[in-house]
Amino acid sequence: MSVAANSTSWTSFVKSIASYNGDLSSLTAPPFILHDVSLTEYSQYWAEHQDLLLAPNFIDATGLTSDELEIKRMVAVTKWFISTLRSQYCSRNESKGSEKKPLNPFLGEVFIGKWTDSSEDASFGESVLLSEQVSHHPPVTGYAVVNAKNNTLLQGYNGVKASFSATSLNVKQYGHALLEYQNLGAEYLVTLPQLHIEGMLVASPFVELQDKSYIQASSGYLTVVEFSGRGYLTGKKNSFKARIYKDKAASANKKNALFTIDGQWSGVSTISEGSEAKKSGALFYNATKAARNQLVVKPIEQQHDLESRKAWKDVAEAIRAGDFQTISATKSKLENAQRELRLEEKANGTVWARRWFAEVDLNDPAVRLPAAGTKADPALGLTELACLSKGNNPSGTVKGEKHDTSVEAKHWRFQPAMWEKEAEIKI
Ligand code: CLR
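Residues numbered from 1 in each chain as written. Predicted model: local features only at pLDDT ≥ 70, side-chain atom pairs only at ≥ 80, totals over all residues. Heavy atoms only, no water.

An unreviewed UniProt entry lists the protein chain under the name Oxysterol-binding protein, with Babjeviella inositovora NRRL Y-12698 as the source organism.

Can you walk me through the site of the ligand in this structure?
Around the ligand, 19 residues are found, and the nearest of them are Gln88, Arg92, Asn158, Leu169 and Gln173. Separating an oxygen atom of the ligand from a side-chain N or O atom of glutamine 88 is a distance of 2.6 Å. In isolation the ligand exposes 610 Å². Once the protein is present, 97% of that is buried. Here the ligand occupies the largest pocket. Of all elements in the fold, only α1 (7-17), α3 (66-96), β2 (101-103), β6 (152-164) and β7 (169-181) reach the threshold of two or more residues within the shell around the ligand. Grouping the constituent residues of the shell around the ligand by class yields 12 nonpolar, three polar and four charged. (Near = heavy atom within 4 Å. Polar contact = N/O pair within 3.5 Å; in protein donor to acceptor, adjacent residues only side chain to side chain. Areas by Shrake-Rupley, 256 points an atom, 1.4 Å probe, with all protein chains shown as cover. 1 Å grid on protein atoms, 1.4 Å probe; cavity = no way out; pocket = protein on both sides within 12 Å on 5 of 7 lines; lining within 4 Å. Sits in = over half its atoms within 2 Å of the grid points. Helix = DSSP H or I, 4+ residues; strand = E, 2+ residues; numbered from the N terminus. Nonpolar A, V, L, I, M, F, W, Y, C, P; charged D, E, K, R; others polar.)

Is there a simple way to think about the side chain of serine 272 in this case?
Within the secondary structure layout, serine 272 lies in strand β15 (residues 268-273). Judged by relative accessible area, which is 5%, serine 272 ranks as buried. Within the structure, serine 272 has its side chain in polar contact with the backbone nitrogen of lysine 278 (distance 2.9 Å). Beyond its immediate chain neighbours, meaning those up to four positions away, serine 272 contacts Leu258, Phe259, Thr260, Ala277, Lys278 and Gly281. (Buried < 20%, exposed > 50% of the residue type's maximum accessible area, 1.4 Å probe, protein only. Contact = heavy atoms within 4.5 Å.)

Sorry if this is basic, but what is going on with the side chain of lysine 298 here?
In this structure, lysine 298 sits in the loop between β16 (282-286) and α4 (308-311). On the accessibility criterion, lysine 298 (14% relative accessible area) is buried. Of the polar contacts made by the side chain of lysine 298, one reaches the side chain of glutamate 307; its length is 2.9 Å. Polar contacts involving the side chain of lysine 298 include one to the main-chain carbonyl oxygen of lysine 426, which spans 2.5 Å.

Sorry if this is basic, but what is going on with empty space enclosed by the protein here?
Vacant regions in the atomic arrangement are exposed by a probe of water-molecule size rolled over the atoms. Summed over the entire model, instances satisfying the criterion amount to one cavity of 30 Å³ or more. Approximately 30 Å³ is the volume found for the largest cavity. Contributing to the lining of the largest cavity are Leu39, Pro139, Thr141, Asn158, Gly159 and Val160. When residues of the lining of the largest cavity are assigned to their parent elements, the largest contribution, three residues, is made by β6. Residues that form the lining of the largest cavity fall into these classes: three nonpolar, three polar and no charged. (Points joined across faces, edges and corners; volume = space filled by probe spheres on them.)

Please explain the layout of surface pockets as it appears in this structure.
Volume-wise, the largest pocket comes out at about 930 Å³. For the largest pocket, the lining is made up of 44 residues, of which Leu24, Leu39, Pro102, Val160 and Val171 are closest to its centre. Contributions of two or more residues to the lining of the largest pocket are made by α1, α3, β2, β6, β7 and β9 (194-198). For the lining of the largest pocket, the residue count by class is 27 nonpolar, 11 polar and six charged.

I keep staring at the pairing of β9 and nothing clicks. Help me out?
As a general feature of sheets, a regular strand has side chains that alternate between the two faces. Most of β9 is tucked away: five of the five residues are buried. Of the two faces of β9, the one lined by Gln194, His196 and Glu198 and the one lined by Leu195 and Ile197 are each fully buried. Judged from the three bridges that link them, β7 and β9 form a sheet pairing that is antiparallel. Considered in β9, the bridge of leucine 169 is made with isoleucine 197. (Pairing = 2+ DSSP bridges.)

Is there a simple way to think about the packing of aromatic side chains in this case?
The description of two aromatic rings rests on the distance between their centres and on the angle between their planes. This structure, assessed with the given rule, holds 12 aromatic pairs. Lysine 79 extends its terminal NZ or CZ atom over the ring of phenylalanine 284, reaching a point 5.3 Å from the ring centre. Note that lysine 161 overlies the ring of tyrosine 174, its terminal NZ or CZ placed 4.5 Å from the centroid. (Phe/Tyr/Trp six-rings, centres within 6.5 Å; stacked < 30°, edge-to-face > 60°. Lys NZ or Arg CZ within 6 Å of the ring centre and 35° of its normal.)

Which parts of the structure should I look at to understand the pattern of salt bridges?
Should the charged atoms of two oppositely charged side chains come close, the side chains can pair. Enumeration according to the criterion identifies 23 salt bridges in this entry. The salt bridge partner of lysine 96 is aspartate 36, with a shortest N-O separation of 3.3 Å. Here aspartate 36 lies in strand β1 (residues 34-38) and lysine 96 lies in helix α3, a separation of 60 residues in the sequence. Exposure remark for lysine 96: the relative accessible area of 39% places this residue in the partly exposed category. For the salt bridge of glutamate 180 with lysine 375, the shortest nitrogen-to-oxygen distance reads 3.4 Å. One end of the pair, glutamate 180, is in strand β7; the other, lysine 375, is in the loop between α7 (365-368) and α8 (378-386), and 195 residues separate them in sequence. Residue classification places lysine 375 among the exposed positions, given a relative accessible area of 53%. (Salt bridge = Lys/Arg side-chain N within 4 Å of Asp/Glu carboxyl O.)

Whenever I open this one, helix α5 (residues 313-321) confuses me. Can you help?
At 3.6 residues per turn, the α-helix brings residues three or four places apart onto the same side. Among the residues of α5, those classed as buried are Val315, Ala316, Ala318 and Ile319. Relative to the axis of α5, the buried residues are bounded by an arc of 160° and lie together on one face. Relative to its buried face, α5 has exposed residues pointing more than 90 degrees away, namely Arg320 and Ala321. Backbone geometry just downstream of α5 places glycine 322 in the positive-phi region, at approximately 65°. (Arc of directions from axis to C-beta.)

Any chance you could explain the packing of α5 against helix α6 (residues 324-348) here in plain terms?
Two numbers describe a pair of packed helices, the interaxial angle and the distance between the axes. Two elements in contact, α5 and α6, have axes whose closest approach is 8 Å; the angle formed by their N-to-C orientations is 165°. Between α5 and α6, the interaxial angle falls into the category roughly antiparallel. Note on packing geometry: the crossing formed by α5 with α6 is left-handed. Across from Asp314, Val315, Ala318 and Ile319 in α5, the residues of α6 making contact are Thr326, Ile327, Thr330 and Lys331. Class assignment for the residues of the contact of α5 with α6 results in four nonpolar, two polar and two charged. (Axes fitted to C-alpha atoms, helices over the stretch in contact; angles between N-to-C directions. Parallel < 35°, antiparallel > 145°, perpendicular 65-115°, else oblique. Left-handed = near helix turned anticlockwise from the far one by under 90°.)

Laid out in structure tokens, this is it:
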């Protein structure tokens, strides 16, 4: 059924939002706006362009100074980041006609799969995706994309907090991504953009990104991506301008930008040298043309009970059938079982054991000064280089700015050893 055909229930949904208390799971949305996919699956959007994710490994360094090489790497990482955005924020509009409300993952829910080698010369190898719901209240998802062949690891976590204004839903993202090219000794911290949902009043919601994302390289180079939407600056939706600087200090004046990338993250962007976008700028990325690598996921019959598609199978079927009764019955069944589990844990004085992720406290002296032979958490140095808060604040919060309120600095990290000894859940 089309969104317009449901306008009455949409109107009552928008009205119910007025009394919204901040907990997304408490919102009862009409069936047609529900996505039959859980948020744990959204982690795959980070790596649907394997060629771009792995690109820094294949840059030919011959004849380049180390600065030239680092700039090339930064341009490549920036292109990969821009390439993730269309999948992250437009794919429901593309496949379902509008933004949707995802299934709210339960604690311990996992989603795993792999990308097979899409290169012509077998240089990419396979990448594995591990996604795990590490917290239910508030919802937080941890993920890792592991490419063993190129010693490349993308890991991160994200949580959202939402609030409503008269016409839109505002979403703050918490967390960050860390990209490590172990063969190159190069690390990058990526902060998550803030966003809001437009089109609520006309029943065709879509995501618009706002504010900034930072990409801080261990080499010092910094990319600042500024997002803007329709009617602002360029007048086009999904607009961005990314500037690449030698370092944080240089970014104080945009005239210092080495490159400026300008365009739409859901469409075409161009790159120019210097601090202004020029008409003569070369094509940077065309999001409408780039084919996505499809994640390979085992059939449901072979899945573990904690795997997302198996666990949500009945609910997803009911959503596809648009059957309100069955949606709430199947959802309640799952949620009640979860409630039972939490009560049991409470009675036994235990907590749910996270499978492949652990929370690391960046204030802990043992983490700040790791034992000889162990590697420091990349975020410690990278947030320092970028003058970003390392606390549990909205992603991309600059040190000392108004959102820098939490001194707690607990961040979810992938634990490769836990994945290595995983015996029950197979790719
Ligand atoms: C989750 C993490 C991903 C990027 C991403 C994309 C879309 C976001 C989603 C995150 C969080 C949940 C979200 C969604 C868009 C709409 C949805 C904010 C950040 C909300 C809960 C749905 C509200 C209902 C409206 C459609 C009416 O990497």
